[in-house]
Amino acid sequence: KASAVHGIAPREYIQRISINIKMPEMNKREGYYRPPTMQPDHPTGEIAKSISSALDNIYQGCQSEKGCFGLPDNCVSEKNCDFLMTYTKSPSEGGYRIEIAGDVDGSSGYVAGALSMDESMGDDSVMICRTENGITDVLMAWNPGKSNDILEDSKLGISNEATSFMDGRIYCSFVRDVETNIMGNDFNLDTDKYNLMVAAGGVGSGNSIGYHTVGRSVSAGEQISLGSFASVAGKDDSARTLHACFMVVAWVFAASAGMLMARYFKKTWRGSKYRNIDQWFHWHRFLMGLTWLLTMVGFVLIVVDLKGLSQIPFSDNPHVVFGFLSTAFCFIQPFMALLRCSPVDPMRPLFNWLHWFAGNSAHIMGIVAIFYGLKLWKAAYGASLLLFIFVVSHCFVHIVLTIGEWFINSKAEQISNNIPMQDEHGSQTPLNFVDKGEDAPGGTFRKAMLAFYIVVNFSITLALIIMISG
């Protein structure tokens, strides 16, 4: 696989790696050495082996000789972080030695560490380890809010860099000055305390990086000093996890099953009505009510946790837009149902189509939002594959039931044009409808397909919840 290594080697490997570079020139105005912009070279196998060893040993000394903070939670003790930031004071180098490492999808991307005054993104000093177009580099940036701007002087306060990108894993080691002034804000690593952030994502356009669509973690509790090597815990992410789980249960399981019941089971279980209301309507109402409740609770959870709507740019990930539209359509559905007119009212066909449109729009946008939402989790590929299997099985069951319904109706010489509009697309048949108490032909077939659908759907939903929670 392709690899690129350049920069100044970490001090523990200085005798093992020899890389020819230009001596840095003094920046007289700023009063520090600015390393030159490095182009990727073609390292020998021994150099690549040395850098690989540095990555393998990155956890050595964590919480005793250096501070370590990574994603997911508890990954430092288990030595399996997807993204990691380490820091230790290095008086001989005149600052703090910082390492940033993590997995990058494809040939470009970034892992970043940041120093923040709180647990929210905004007014943060960001150190970016980025690989793009075959060049791996360290850049200084600033978060003015929910966005990121690389500094005009992208090497402000950093020196002694060593960078590599091998086998999909990026690594940067550098020294940051004890004192820096960034966008009018003073940062003193000796005296000040910070919340730490690590994040990863794709390379953005222009003088910025993309939103952290791959992952993000913020240190929780008291702010820490970079001179301390105490264990750093990540911010409680339970609200985000519950949001994801609630939305999966709502749209993958409850809404899908509830809409299936309304579409194909109005002529099933006619002999077992409850309070003179068809069984399909009881299940439809319960499942769609569950969908509404989980969606509203999930929406409130994430808004409270983020202190507002997420500001992920649509071009980076449209999860927020699709999720918001799905929630809006879902919210109005029960109120539309309360306003439904009589089955014989001339406006009933309009109500039926509006109810059908809002429900299907909410469902489709909900599934699309989940697809994009899974990209914000590290287990995105496996979870997305499961969701794709759900979509295939969902469409398969609908196609089979539609064909079966057509075949059975044709065989029984039933004329579909005689079925009222509300029976085809409405939310329910008349609640006080009285019939002979017999199921329409094909009841066993429909029940078998429903059993298959519920088993597959429930299994996929459970697997997605496990992956998200894990």
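Small disclaimer: the values here were computed from a predicted structure and weren't measured. Along each chain, residue indices are assigned from 1 in the same order as the chain's sequence is written. Local features in a predicted model are, by the rule used here, given only for residues with pLDDT of at least 70; side-chain atom pairs are given and counted only at 80 or more, and totals for whole chains, interfaces and linings are based on all residues. Processing note: side-chain calculations cover all non-hydrogen atoms of the structure and skip hydrogens and water entirely.

A. Just the overall build of the protein, in detail. The secondary structure content of the protein amounts to nine helices and 16 strands. For the exposure calls, accessible area comes from a 1.4 Å probe over protein chains only, and a residue counts as buried if that area is under 20% of its type's maximum, exposed if over 50%, partly exposed in between. The 470 residues of the protein split such that 48% are buried. In this analysis, two residues are considered to be in contact whenever any of their non-hydrogen atoms come within 4.5 Å of each other. Pairs at least 24 residues apart make up 66% of the contacts formed inside the protein by residues separated by at least 6 positions. Accessible area of the protein: about 23,200 Å², with a carbon and sulfur share of 60%. Counting from the N terminus, the helices are the DSSP runs of H or I reaching at least four residues and the strands are the DSSP runs of E reaching at least two. Method for areas: the Shrake-Rupley scheme with a 1.4 Å probe, in which residue coverage is limited to the protein chains shown.

B. Region of the structure containing the state of the cysteines. Any two cysteine sulfur atoms within 2.5 Å of one another count as a disulfide. The tally for this structure, following the rule as stated, stands at three disulfides. Linked covalently through their sulfurs, Cys 62 and Cys 68 form a disulfide whose S-S length is 2.0 Å. On the sign convention where negative is left-handed, the bridge of Cys 62 and Cys 68, at about -85° about the S-S bond, is left-handed. Exposure class is identical for Cys 62 and Cys 68. Each is buried. The disulfide partner of Cys 129 is Cys 172, and the gap between their sulfur atoms is 2.0 Å. Given an S-S torsion of about 75°, the disulfide between Cys 129 and Cys 172 has right-handed geometry. Of this pair, Cys 129 sits in strand 8 (residues 124-132) while Cys 172 sits in strand 12 (residues 169-177); the two residues are 43 residues apart in sequence, bridging distant segments of the chain.

C. Up close: helix 9 (residues 443-469). Expected helix span is computed as 1.5 Å times (number of residues minus one). Look at helix 9: 38 Å from first C-alpha to last across 27 residues, which is about the 39 Å you get at 1.5 Å a residue. Where helix 9 is concerned, the buried positions are Gly 443, Arg 446, Met 449, Leu 450, Tyr 453, Asn 457, Ile 460, Thr 461, Leu 464 and Ile 468.

D. Seen up close, the packing of helix 5 (residues 319-338) against helix 6 (residues 348-374). At a closest axis distance of 8 Å, the pairing of helix 5 and helix 6 adopts a crossing angle of 150°. The angle between helix 5 and helix 6 falls in the class roughly antiparallel. Two packed elements cross with a definite hand, and for helix 5 against helix 6 that hand is left-handed. Classification used: nonpolar for Ala, Val, Leu, Ile, Met, Phe, Trp, Tyr, Cys and Pro, charged for Asp, Glu, Lys and Arg, polar for all others including Gly. A class-by-class count of the residues in the contact of helix 5 with helix 6 yields 15 nonpolar, nine polar and no charged. Here, axes are lines fitted to C-alpha atoms. For helices the fit covers the stretch in contact, and angles between N-to-C directions go from 0 to 180 degrees. Any angle that falls under 35 degrees is termed roughly parallel, while one over 145 is termed roughly antiparallel, one within 65 to 115 roughly perpendicular, and all others oblique. In this scheme the crossing of two helices becomes right-handed for a clockwise turn of the near helix relative to the far one and left-handed for an anticlockwise turn of less than a right angle.

E. Region of interest: the nonpolar core. What we call a nonpolar core is a set of buried Ala, Val, Leu, Ile, Met, Phe, Trp, Tyr and Cys residues that are connected through their side-chain atoms within 4.5 Å. By size, the foremost hydrophobic cluster in this structure holds 36 residues, and its most contacted members are Trp 251, Val 252, Leu 260 and Leu 464. Looking at this core, the elements with two or more residues in it are helix 3 (238-264), helix 4 (279-306), helix 6, helix 7 (380-411) and helix 9. When residues in this core are grouped by element, the largest group, 13 residues, is from helix 3. Contact partners of Val 252, with chain neighbours within four places excluded, come to Met 247, Ile 367, Ile 370, Leu 387, Phe 390, Asn 457, Thr 461 and Leu 464. Within the second largest apolar cluster, 33 residues are counted, among which are Phe 69, Tyr 96, Leu 115 and Val 178.

F. Looking closely at the packing of aromatic side chains. Here a Phe, Tyr or Trp ring, Trp counted by its six-membered ring, pairs with any other such ring whose centre lies within 6.5 Å, and the pair is stacked when the planes are under 30 degrees apart, edge-to-face when over 60, and tilted otherwise. By the definition in use, this model includes twelve aromatic pairs. Their ring planes at 75° and their centres at 5.5 Å tell us that Trp 280 and Phe 281 sit as a pair that is edge-to-face. Each member of the pair, Trp 280 together with Phe 281, is buried. Between Phe 396 and Phe 452 the ring centres are 6.4 Å apart and the planes differ by 75°, which places this aromatic pair in the edge-to-face class. With Phe 396 in helix 7 and Phe 452 in helix 9, this pair connects stretches of sequence that are 56 residues apart. Look at Phe 396 and you get partly exposed, because its relative accessible area is 44%. Judged by relative accessible area, which is 37%, Phe 452 ranks as partly exposed. Grouped by ring-pair contacts, the aromatic residues Trp 142, Phe 187 and Tyr 194 constitute a single cluster.

G. Highlighting a nonpolar patch on the surface. The patches reported here contain residues having more than 30% relative accessible area and no salt bridge. Joining distances are 9 Å for like charges and 5 Å for nonpolar side chains (Val, Leu, Ile, Met, Phe, Trp, Tyr). For this document, the term salt bridge refers to a Lys or Arg side-chain nitrogen within 4 Å of an Asp or Glu carboxyl oxygen. Together, Leu 309, Phe 314, Val 321, Phe 324 and Leu 325 line one region of the surface with nonpolar side chains, adding up to about 450 Å² of accessible area. Among the structural elements, Val 321 can be located in helix 5.

H. Spatial organisation of the pairing of strand 7 (residues 109-116). Of all the eight residues making up strand 7, eight are buried; the element is thus mostly covered by neighbouring parts of the structure. Across the two faces of strand 7 the burial is the same, with Gly 109, Val 111, Gly 113 and Leu 115 and Tyr 110, Ala 112, Ala 114 and Ser 116 all buried. A pair of strands is considered paired only if DSSP assigns at least 2 bridges between the two. Two strands pair when backbone bridges link them, and strand 7 and strand 15 (residues 195-201) are joined in this way by seven bridges, in the antiparallel orientation. Bridge pairing in strand 15 links Ala 114 to Met 197.

I. Molecular detail of the pattern of salt bridges. Taken as a whole and assessed by the stated rule, the structure comprises eight salt bridges. One salt bridge in this structure joins Arg 97 and Glu 93, with 2.4 Å as the shortest N-O distance. When the shortest N-O distance is used, the salt bridge between Glu 161 and Lys 155 registers 3.1 Å. You'll find Glu 161 and Lys 155 in the same group, each marked buried.

J. Looking closely at the packing of helix 3 against helix 6. One way to put it is that helix 3 packs onto helix 6 with a least axis distance of 10 Å and a crossing angle of 145°. In this structure, helix 3 crosses over helix 6, and the sense of that crossing is left-handed. Contacts between helix 3 and helix 6 involve Met 247, Val 248, Trp 251, Val 252, Ala 255, Ser 256 and Met 259 on the former and, on the latter, Gly 359, Asn 360, Ala 362, His 363, Gly 366, Ile 367 and Ile 370.

K. Local environment of the environment of Leu 139. Following the sequence through the fold, Leu 139 ends up in strand 9 (residues 135-143). Classification of Leu 139 as buried rests on a relative accessible area of 6%. Residues Leu 139 and Asp 153, spaced 14 residues apart in sequence, show a C-alpha to C-alpha distance of 8.8 Å. Beyond its immediate sequence surroundings of up to four residues, Leu 139 is in contact with Val 126, Met 127, Ile 128, Arg 130, Ile 150 and Ser 154.

L. View of helix 5. Here helix 5 is 20 residues long and its end C-alpha atoms lie 30 Å apart, about the 28 Å a rise of 1.5 Å per residue gives. Residues of helix 5 that are buried include every one of His 319, Gly 323, Ser 326, Thr 327, Cys 330, Gln 333, Met 336 and Ala 337, and no others. Buried residues in helix 5 make contact with helix 3, helix 4 and helix 6.

M. Layout of unusual backbone geometry. Positive phi, normally seen in glycine, also occurs at Gln 63, with a value near 70°. By the secondary structure assignment, Gln 63 is in the loop between helix 1 (45-56) and strand 4 (67-71). Non-glycine residue Lys 79 carries a positive phi angle of around 55°. For Lys 79, the location among the structural elements is in the loop between helix 2 (75-78) and strand 5 (83-90). What makes Lys 79 exposed here is its relative accessible area of 57%.

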